[in-house]
Amino acid sequence: MTRMTEKSAVIRMFHVHKRYGAKQALVDVTLDIAKNEFLYISGPSGAGKSTLLKLLYLAEPVSEGQILVDGMNLSRIPRRRVPMLRRKFGIIFQDYKLIPTRTVYENVALVLEARGKKRSLIEKKVKSVLRVVRMEDRLTAFPPSLSGGEQQRVAVARAVAGDPKIILADEPTGSLDDDSAAIIFQLLNMFHNRGATVVVATHDKALIESATGRVLHLQQGRLDRPLDI
Amino acid sequence: MTFYAQRAIKDILENRFLNAVTIITIALSVLIVSSFGLFFFNAQELFDAWEKGVRIMVYLEPGTTEAQRLDTRYRLQTIAGIQNIRFVSKTDAMNLMKTRMQRQASLLDNLRENPLPDAFEVTMATEANSPEKVEFLAQRIESLPSVSGVEYGQQWIERFANFFNLFKLAGYGMGTLFFMATVFIAANTIRLVLYSRREEIHIMRLVGATDRFIKIPFYLQGILQGLSGGLIGVGVLYAAFSAVGSQFEQTLAAEMVAIRFFSPGVCVAIVTCGMLTGLLGSFFSLKQFTRK
């Protein structure tokens, strides 16, 4: 395997450990993710895939080790800068995490509102991404009225609305049927082709077998093939 | 800011019951505290008017000569705290008495000799109007030669002042308690709203919303609750004042006393206090919530 240069890596993890009390969720994970890479992190449930993603957007702090995201050292980032870090990511969750009391349009617009964008720009951008995920005709619908596949497409639209550098997808097809899952992966590939770095955590074996990008395997919090840095 | 205001209004409409409870609580607190305030405001004006009228009657001994009278007047003029001295001769006093007795004045006609003494009516300077100072001055005047006695009919003001001050203190205490209770209730309402929307706030954070973005609508919500509560409280107080005031108007007019409602400036200050209450409620609950 070709060693990644510091310049080409958008995410760097150095000897990262994560503990929840006595339980070791991640053990000595060292990993580089290149710009515009499509990376799969596989492993059984409880292997630490979600934890690894959570550490990247600081939903959880590391117990030991260092993480660099686009040059930002997460151990040294002040609390007030955390939103700036999160704006580098577009995050897709298995349970979609859409706000049920807000319409499809409002859910997607939230990302841009939080960044203080102008209303006219928000409208243009939201309609554009919803068109891409083929949800433009459901602007005023509320998430509970949508199917799982539709909700995940809205979640994808929300994730990409802010033009993030990195898309993190945590079991994005975990609760979807095959057709819906295929659409989600088409969309992820599309955004990857547009320049985004995509990291997908999944335990779906069929998906991993058809993967075109690099696949890393996590087992009991350890990477099977950690990079030697 | 329009965006934040729209979100705050939307939040209020989505949580109508909780917000109504807070607005009513703020309105009641404003009403109770302002009622006390209005009472004190008018009572203080009345009290001030009484205090301004404090006079000491200095009665001269019978048979006081013109020279002794002038000497007493001179001595009174040298006492600090006296604003005005007016001589009331025994004849003037008798005429005044007859005027006041009206129909019974004929009773006085049978007197062989005027029993009333010559006197000085001494008006106190404003800075010497306190009951303690009046008493001190009265004692000093009483010790002057040719003075047979002094009378200052408003000793009861002292007792009233003590009672009034105690009442005022209780009012301040109650006002503070109501303010604290209202802040507590407003804080709890916002906390309940925050709790019901914790998942939404969590999602906002995940998509890169800053604390400011999340908090500002809640601050505005608190301010709007306070504004509504304050306006309702002052409005109800004004309605009650108009209704009750008209009943006593004639009685009070006869006593040359006018009761008044707060000036527009004070009304604005009360409503601002209501807004501050709501804002503080939001501040405390958000502080706790974001610490988690």
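*Asks:* I tried to follow the sheet that holds strand 2 (residues 82-88) of chain B on my own but got confused; where do I start?
*Replies:* Strand pairs in the sheet, formed through backbone hydrogen bonds, run parallel or antiparallel to each other. All names here are of chain B. A sheet is described by the order of its strands in space; here 4 strands give the open sequence 2-3-1-4, paired in antiparallel fashion. Where the open sheet ends on each side, the last strands, each with one partner, are strand 2 and strand 4 (147-151). Averaged over all adjacent pairs, the angle separating strand axes in this sheet is 20°, with direction ignored. Bridge count between strand 1 (residues 55-60) and strand 4: 4 bridges; the pairing is antiparallel. Opposite M57, over in strand 4, you have E151 as the bridge partner. The sheet strands contacting helix 3 (residues 66-78) are strand 1, strand 2, strand 3 (119-124) and strand 4, and the helix crosses strand 2 at an angle near 165°.

*Asks:* Just checking my understanding: could you explain unusual backbone geometry for this structure?
*Replies:* In this structure, R134 of chain A is a non-glycine residue whose phi angle is positive, near 60°. Topologically, R134 of chain A is positioned in the loop between helix 4 (119-132) and helix 5 (148-161). Look at S146 of chain B: it is not a glycine, yet its phi comes out positive at around 75°. As for its position among the elements, S146 of chain B is in the loop between helix 6 (131-142) and strand 4.

*Asks:* Which parts of the structure should I look at to understand the pairing of strand 4 (residues 64-69) of chain A?
*Replies:* Across a regular strand the side chains alternate sides, sitting on one face of the sheet and then on the other. Residues and elements named next belong to chain A. Looking at chain direction, strand 1 (residues 9-20) and strand 4 are connected through 5 bridges and run antiparallel. In the sheet register, H17 faces strand 4, and the bridge partner there is E64. Note that strand 4 and strand 5 (residues 72-73) share 2 bridges and pair antiparallel. Among the inter-strand pairings, V69 is bridged to a residue of strand 5, identified as M72. From the end of strand 4 to the start of strand 5, which pair antiparallel, there are 2 residues, and D70 there has a positive phi angle of about 50°.

*Asks:* What exactly am I supposed to notice about the packing of helix 4 of chain A against helix 5 of chain A here?
*Replies:* Geometry of a packed helix pair, given as the angle between the helix axes and the separation of the axes. Residue and element names in this part refer to chain A. With their axes 9 Å apart at the nearest point, helix 4 and helix 5 run at an angle of 135° to one another. With respect to helix 5, the element helix 4 is oriented oblique. Relative to helix 5, helix 4 is oriented so that their crossing is right-handed. Contacts between helix 4 and helix 5 involve K125, V126, V129 and L130 on the former and, on the latter, A157, V160 and A161. For the contact of helix 4 with helix 5, a count of residues per class yields 6 nonpolar, no polar and 1 charged.

*Asks:* Explain the interface of chain A and chain B to me, please; I cannot follow it from the model alone.
*Replies:* It is common to give the size of an interface as the accessible area lost on bringing the parts into contact. Counting residues at the interface gives 12 residues for chain A and 10 residues for chain B. Elements represented by at least two residues in the side of chain A that touches chain B include exactly helix 2 (82-86) and helix 3 (104-114) of chain A. Top element by residues in the side of chain A that touches chain B is helix 3 of chain A. It accounts for 4 residues.

*Asks:* Is there a simple way to explain helix 6 (residues 178-193) of chain A in this structure?
*Replies:* Residues spaced three or four apart along an α-helix point in a common direction, a consequence of the helix completing one turn every 3.6 residues. Residue and element names in this part refer to chain A. Across its 16 residues, helix 6 extends 22 Å between first and last C-alpha, which sits within 8% of the 22 Å expected from 1.5 Å per residue. Residues of helix 6 that are buried include every one of A181, I184, L187, L188 and F191, and no others. For helix 6, the buried positions fall inside an angular range of 120° around the axis, keeping them on one side. Every exposed residue of helix 6 that faces more than 90 degrees away from the buried side is listed here: D178, D179, Q186 and N193. Those residues of helix 6 hidden inside the fold are in contact with helix 5, strand 7 (166-170) and strand 8 (197-202). One or two residues past the end of helix 6 sits G195, with phi positive at roughly 120°.

*Asks:* Whenever I open this one, the pairing of strand 1 of chain A confuses me. Can you help?
*Replies:* Residues and elements named next belong to chain A. Of the pairings in the sheet, the one linking strand 1 to strand 2 (residues 23-34) comprises 8 bridges and is antiparallel in character. If you follow M13 over to strand 2, its bridge partner there is L31. Linking strand 1 back to strand 2 in an antiparallel pair, the connection comprises 2 residues, with G21 at a positive phi of about 65°.

*Asks:* Would you take a moment to explain the environment of G43 of chain A for this structure?
*Replies:* Residues and elements named next belong to chain A. Mapped onto the elements, G43 comes out in the loop between strand 3 (38-42) and helix 1 (49-56). Here G43 falls in the buried class, since 22 other C-beta atoms lie within 10 Å of it. A C-alpha to C-alpha distance of 8.4 Å links G43 and L216, two positions 173 residues apart in sequence. Leave out the neighbours within four places in its chain, and G43 touches K49, H203, H217, L218 and Q219.

*Asks:* Would you explain the packing of helix 5 of chain A against helix 6 of chain A in this entry?
*Replies:* Residue and element names in this part refer to chain A. Following both chains from N to C, one finds helix 5 and helix 6 inclined at 10°, their axes separated by 9 Å at the closest point. As the angle between them shows, helix 5 and helix 6 are arranged roughly parallel. Two packed elements cross with a definite hand, and for helix 5 against helix 6 that hand is right-handed. Residues G148, G149, Q152, R153, V156 and V160 of helix 5 lie in contact with helix 6, whose contacting residues are S180, I183, I184, L187 and F191.

The rules behind the values
Residues numbered from 1 in each chain as written. Chains lettered and ligands numbered in written order. Predicted model: local features only at pLDDT ≥ 70, side-chain atom pairs only at ≥ 80, totals over all residues. Pairing = 2+ DSSP bridges. Helix = DSSP H or I, 4+ residues; strand = E, 2+ residues; numbered from the N terminus. Axes fitted to C-alpha atoms, helices over the stretch in contact; angles between N-to-C directions. Contact = placed C-beta atoms within 7 Å. Parallel < 35°, antiparallel > 145°, perpendicular 65-115°, else oblique. Left-handed = near helix turned anticlockwise from the far one by under 90°. Nonpolar A, V, L, I, M, F, W, Y, C, P; charged D, E, K, R; others polar. Expected span 1.5 Å × (residues − 1). Buried ≥ 20, exposed ≤ 12 C-beta atoms within 10 Å, placed from the backbone. Arc of directions from axis to C-beta.

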